[in-house]
Amino acid sequence: MLNPVLQKILDAETSRQQNTLDLIASENFTSAAVREAVGSVFMHKYSEGYPGARYYEGNENIDELENLCIEMVTKVFNLPSNWSANVQPLAGSNANLAVYNAILNPGDKILSMYLPDGGHLSHGWSYTPTKDRSDKDIQDLASDKPYYGGSTKISIVSKIFNVVQYKVAKDTSILDYSAIEQLAMQEKPKLIITGGTAYPREIDYKKMREIADKVGAYYLADIAHEAGLIAVGVLNSPIGIADVVTFTTHKTLRGPKGAVIAAKEEIIKLINKSIMPGLQGGPHNGTIAGITQALFEADTPEFKEYAAQVVENAKTLAGKLSELGYSLVSGGTDKHLILIDLTAKNLGGKFASYALNSAGIVTNKSTIPYESQSPVNPSGIRLGTPLITTRGLKEAEMIKLANLIDSVIKEAATLPLDDFEFFKQQIDSSQAIKEVKEKVQQLCSQFPFKV
Ligand SMILES: Cc1ncc(COP(=O)(O)O)c(C=O)c1O
């Protein structure tokens, strides 16, 4: 039995998840079987090392589990015969760090996507505080020039490596492959990375491979967000094209929080050493069991239907939001996520996401390409469909949802925005927000989370 204090928090969180529509693009609900595997006795075992070569005794079942997990990664992601996987990374950021630790030396150059355009912190990030920016810094930030970083190193990746970042095209907010190629030729990075956390379009992995080959760079495709959609062919796959592919297991793949690295055998050998003893101790075996279960679930026709529906839902939601007058970064989406540019609505992402959450629609604020506002109150909000599709919502509900989002944004935009605390009070007592909340509750009861 859980301690009553803990039980109370758990009940509150279960109720929050049950009674809100979660549009966070990186979240999902897992099956009861995945949660059972994560919480199983597998979590008790220390198993530093790899199958057949452990530091502790008693790992015969864990060896079987880890081999099964690798087998399922191979099957579900259709790994070529000369590829393998490491399923021990504790998270996506660690998986990326393990790749750098395996193939780079301190000071080597990485070319990755600019963070405010939708890149990820684990691909490197540093910035110069606003008060210290020169006129040239300000001009460069507002231009489509590549980003060479700033004085304050935020991510450990930028402390160790020399990180240069490519931006999306100013007119389309889509990757400009010829500009990336030119930059790669000029900078000669040792590693090129694609992938991000708020980029709504597909990536041309073949083109990126060609660019990497032209400059003799390794190519890492980080598919943290898209893994579930790629596994079943709803999106193109970089497997067999990039040198290394990393992904998290808890987003579109619907598993527990964890990550996997897939690569050619010779690189996986380096990555295995990089993970253990390089970066981590014992793996989380409960998590590896949960990932294995999620992979069994992904290897079904139902999951393929689910993944296709995730994208259909995102496209329908994007279409209706556009119709309602919202400006979408890149004009729409190819996958599970949408980025709304609220500049014309005069409402910062911090205010919009607070108002939506108050109505039971959970999103996150986000920077947009060529962001002019602070990341504390950026110009965008990010919406994703993986979790609401797991609940069973389809196209008809996406239209309802777009209208509900619109009602909230309209109400929020009528309020004074100079004092956030006052704004919160107004939102929390707004009749219009309460009415939306009731409609959200109705949808939640119609599409319950099966605990
Ligand atoms: C592209 C990308 N890479 C890596 C990660 C890091 O994953 P984690 O939060 O598991 O460290 C994320 C998380 O959102 C991501 O979007």
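Going by the structure above, here's the rest.
As the structure is a prediction and not an experimental result, all values here were calculated from the model. (Residues numbered from 1 in each chain as written. Predicted model: local features only at pLDDT ≥ 70, side-chain atom pairs only at ≥ 80, totals over all residues.)

Draft legend 1. How the structure looks around the packing of helix H13 (residues 349–358) against helix H15 (residues 395–413). Their axes nearest at 9 Å, the elements H13 and H15 cross at an angle of 125°. Accordingly, the angle class assigned to the pair H13 and H15 is oblique. Here the hand of the crossing between H13 and H15 comes out right-handed. Judged by residue contacts, Phe-351, Ala-352, Ala-355 and Leu-356 of H13 engage Ile-405, Val-408, Ile-409, Glu-411 and Ala-412 from H15. Per-class residue counts for the contact of H13 with H15 are eight nonpolar, no polar and one charged. (Axes fitted to C-alpha atoms, helices over the stretch in contact; angles between N-to-C directions. Helix = DSSP H or I, 4+ residues; strand = E, 2+ residues; numbered from the N terminus. Parallel < 35°, antiparallel > 145°, perpendicular 65-115°, else oblique. Left-handed = near helix turned anticlockwise from the far one by under 90°. Contact = placed C-beta atoms within 7 Å. Nonpolar A, V, L, I, M, F, W, Y, C, P; charged D, E, K, R; others polar.)

Draft legend 2. Geometry of the packing of H15 against helix H17 (residues 431–446). Where H15 meets H17, the axes come as close as 9 Å, and the angle between the chain directions of the two elements is 160°. Looking at the two axes, H15 sits roughly antiparallel to H17. The crossing of H15 and H17 is left-handed. In this structure, H15 uses Glu-397, Lys-400, Leu-404, Ser-407, Val-408 and Glu-411 to contact H17, whose residues at the interface are Ala-432, Ile-433, Val-436, Lys-439, Val-440 and Leu-443. Residues that form the contact of H15 with H17 fall into these classes: seven nonpolar, one polar and four charged.

Draft legend 3. Fine view of the nonpolar core. Within the largest apolar cluster, 127 residues are counted, with the highest numbers of intra-cluster contacts made by Val-73, Ile-192, Ile-261, Ala-262 and Val-408. Apart from residues lying up to four places away in sequence, Val-408 is in contact with Ala-355, Leu-356, Ala-359, Ile-361, Ile-433 and Val-436. (Core = buried A, V, L, I, M, F, W, Y, C linked by C-beta atoms within 7 Å. Buried ≥ 20, exposed ≤ 12 C-beta atoms within 10 Å, placed from the backbone.)

Draft legend 4. Inspection of the pairing of strand S17 (residues 380–384) at higher detail. The element S17 is largely enclosed, with a buried count of five among its five residues. Taking every second residue as pointing to the same face, both faces of S17 are buried, with Gly-380, Arg-382 and Gly-384 on one and Ile-381 and Leu-383 on the other. Relative to S17, strand S16 (residues 364–366) runs antiparallel, the two sharing three bridges. Paired with Asn-364 across the strands is Arg-382, a residue of S17. (Pairing = 2+ DSSP bridges.)

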